[in-house]
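Each chain is listed here by its residues.
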Amino acid sequence: MSLDSLAPADDGLVGSFPVMGEDDVRAVVATARTASTWWRELGFDGRAARLAAWRKHMWRRVDEVAELIHRENGKPLDDAVLEVVLTVEHLHWAAGNAGKVLRSHKVNPGPLFSNYAARVDYDPLGVVGVIGPWNYPLYAPNSAVSFALAAGNTVVLKPSEFTPAVSRWYVDAFAAANPDAPAGVLSLVTGFGETGAALCNAGVDKIGFTGSTRTGKRVMAQCAETLTPVVLECGGKDPVIVAADAEVKAAARAVAWGAFTNSGQTCVGVERVYVVKDVADAFEAALLRELEGVRPGTGKGATYGPMTMPAQVDVVRRHVADAVERGATFLKGGPDSIGERLIEPIVITDLPEDAVAVREETFGPTVTLRRVDDLDEAVTLVNDHDYALSASVFSRAHGDEIADRVRAGQVTINSVIAFAGMGAVPMGGVGASGFGRVHGADGLREFARPRGVVRQKFALPGFELITLRRAGHVMPLMKKVLGVRHGL
């Protein structure tokens, strides 16, 4: 049995891939387990050298892989190149910083154990399974893959059934750049949901998942059967707050890009905007100006491409239909903007907060706007949501103050989505948007197991705490010392 990857632009065949069953997946994981000893024993410097070779190999072929992303995912070629840029930049950061973050370090054992030394080690987990999405088929899986590899793990990648060709290229690039590496350092398994479930139960030491909240719950439930830990980067309904002192034109420019880039198929993309009424008219006018000439398509002049997954068009259609029933105002676009795979920009206002276009992840080229009386109302509405992936705030003087009040995994001030390009900044969700982190030091630690090691340097005859024959003066003396220490 095989699955065919079809181009969203014309349904042309990109490639055919095997649908791998449980036995196939277990065999791949077993090979990864065997390779893990070699990969771990390379050490941080040895792994960094091989990850650098991989990164350079990919960048020398940037046009080749960008064309493949464009073909299989549908995004414009320039956006595909940007995805490659982010991929190699994150790989560079992970390889260059793993040793600094994860090397053993000493810790203070405290006064009661002053005759001990203590350290914390960070051991690789072993084999990490990564389940990737289709919207950023190179960048998103790499966020887990590169950090897991840099931490010393081998990795088995299961891509979306909509974009397996990109992942095949990515895995093959590692092998081509590292011909001395044994099979199994980075492997690919392909198939549908059952293949992902098989990976969860194949004996991996952790699963890194990026995708919808609904699928994330299934992955977590599957992993619970074997107590396999997970890091889940799930859906978002990311808000923007535009304060009265915002630079309105800059805010509109950022919202236009954040809402409509990649056809709105971005988990950290802009989906809802709360504008303080003092600047609402100016913001709406500026946003509409930014959207002049913006159009979907498959050619060079298109701003963004077709929807990658046909079922996602139905979600957009349902959200727009609900908005119509609720009497919403469409500042731009509407039901007639939705084609079979191409969707014109849609801007909706006058929607109640319980509308599905406000409560559910749309994942399409739409955005909702709401006028608010003040920042307190904006913050309340932003935080009154199951999703809490990322958020943005526009204010000349109060950005940090507002950001501190927002419930989200990451907040951008006077911009949108910028954190996603920064290797040093952790990324992950809160609530229905998942838990755990990729990127940054926290992303490296997600794929390592802390291990405490303590060693007695010398004995203290007559003052031992850890003994069944404790001397009678030990406890009274300890109480006096701790009385001083704790202020009694």
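For clarity, every value in this text was computed on a predicted model and none was experimentally measured.

> What should I look at first to understand the side chain of Ser146 in this one?
Tracing the backbone shows Ser146 in helix 5 (residues 139–150). Assessed through its relative accessible area of 0%, Ser146 is described here as buried. Reaching out from Ser146, the side chain makes a polar contact with the backbone oxygen of Asn142 at a distance of 2.6 Å. In this view, Ser146 contacts His90, Leu91, Ala94 and Tyr170; residues no more than four positions away in its chain are not counted.

> Hey, could you run me through the sheet that holds strand 14 (residues 366–372) in this one?
Where strands meet in a sheet, backbone hydrogen bonds hold them as pairs that are either parallel or antiparallel. Here seven strands make up an open sheet; going across it, the order is 12-13-14-11-10-16-17 and the pairing mixed. The open sheet has two edge strands, strand 12 (329–332) and strand 17 (410–413), and neither has a second partner. Strand-to-strand twist across the sheet, computed as the mean angle between neighbouring axes with direction ignored, equals 25°. The pairing of strand 11 (residues 270–276) with strand 14 spans five bridges and is parallel. For Arg272, the partnering residue across the bridge sits in strand 14 and is Thr368. Across the sheet, helix 11 (residues 310–325) touches strand 12, strand 13 (346–349) and strand 14, and the angle it forms with strand 12 is around 125°.

> What's the story with the environment of Arg318 in this structure? I'm lost.
In this structure, Arg318 sits in helix 11. Along the backbone, Arg318 and Pro335 are 17 residues apart, and their C-alpha atoms lie at a distance of 9.5 Å. Ignoring anything within four residues of it in the chain, the contact list for Arg318 reads Val356 and Glu360.

> What is the right way to read the sheet that holds strand 19 (residues 434–435) from this model?
Strand order in this open sheet of six strands is 7-6-5-8-9-19, and the pairing throughout is mixed. Edge strands, defined here as strands with exactly one partner in the open sheet, are strand 7 (186–188) and strand 19. Here strand 8 (residues 206–210) pairs with strand 9 (residues 230–233) via four bridges, running parallel. If you follow Thr210 over to strand 9, its bridge partner there is Glu233. Sitting on the sheet, helix 5 touches strand 5 (127–131), strand 6 (154–158), strand 7 and strand 8, and the angle it makes with strand 6 is about 165°. Helix 7 (residues 193–200) rests against strand 5, strand 6 and strand 8 of the sheet, and its axis sits at about 160° to strand 5.

> Would you mind going over the pattern of salt bridges with me for this structure?
A side chain with one charge may pair with a side chain of the opposite charge, provided their charged atoms come close. The tally for this structure, following the rule as stated, stands at 27 salt bridges. Put simply, Glu284 and Arg371 hold a salt bridge, and the shortest N to O gap is 3.4 Å. In this pair, Glu284 sits in helix 10 (residues 280–290) while Arg371 sits in strand 14, placing the two residues 87 residues apart along the sequence. Given a relative accessible area of 14%, Glu284 falls into the buried group. The shortest N-O distance in the salt bridge between Asp322 and Arg326 comes to 3.1 Å. The class for Arg326 is partly exposed, based on a relative accessible area of 35%. Residues participating in the shared-partner salt-bridge network are Arg40, Arg119, Asp121, Asp123 and Arg451.

Cut-offs used in this document
- Residues numbered from 1 in each chain as written.
- Predicted model: local features only at pLDDT ≥ 70, side-chain atom pairs only at ≥ 80, totals over all residues.
- Heavy atoms only, no water.
- Helix = DSSP H or I, 4+ residues; strand = E, 2+ residues; numbered from the N terminus.
- Buried < 20%, exposed > 50% of the residue type's maximum accessible area, 1.4 Å probe, protein only.
- Polar contact = N/O pair within 3.5 Å; in protein donor to acceptor, adjacent residues only side chain to side chain.
- Contact = heavy atoms within 4.5 Å.
- Pairing = 2+ DSSP bridges.
- Axes fitted to C-alpha atoms, helices over the stretch in contact; angles between N-to-C directions.
- Salt bridge = Lys/Arg side-chain N within 4 Å of Asp/Glu carboxyl O.

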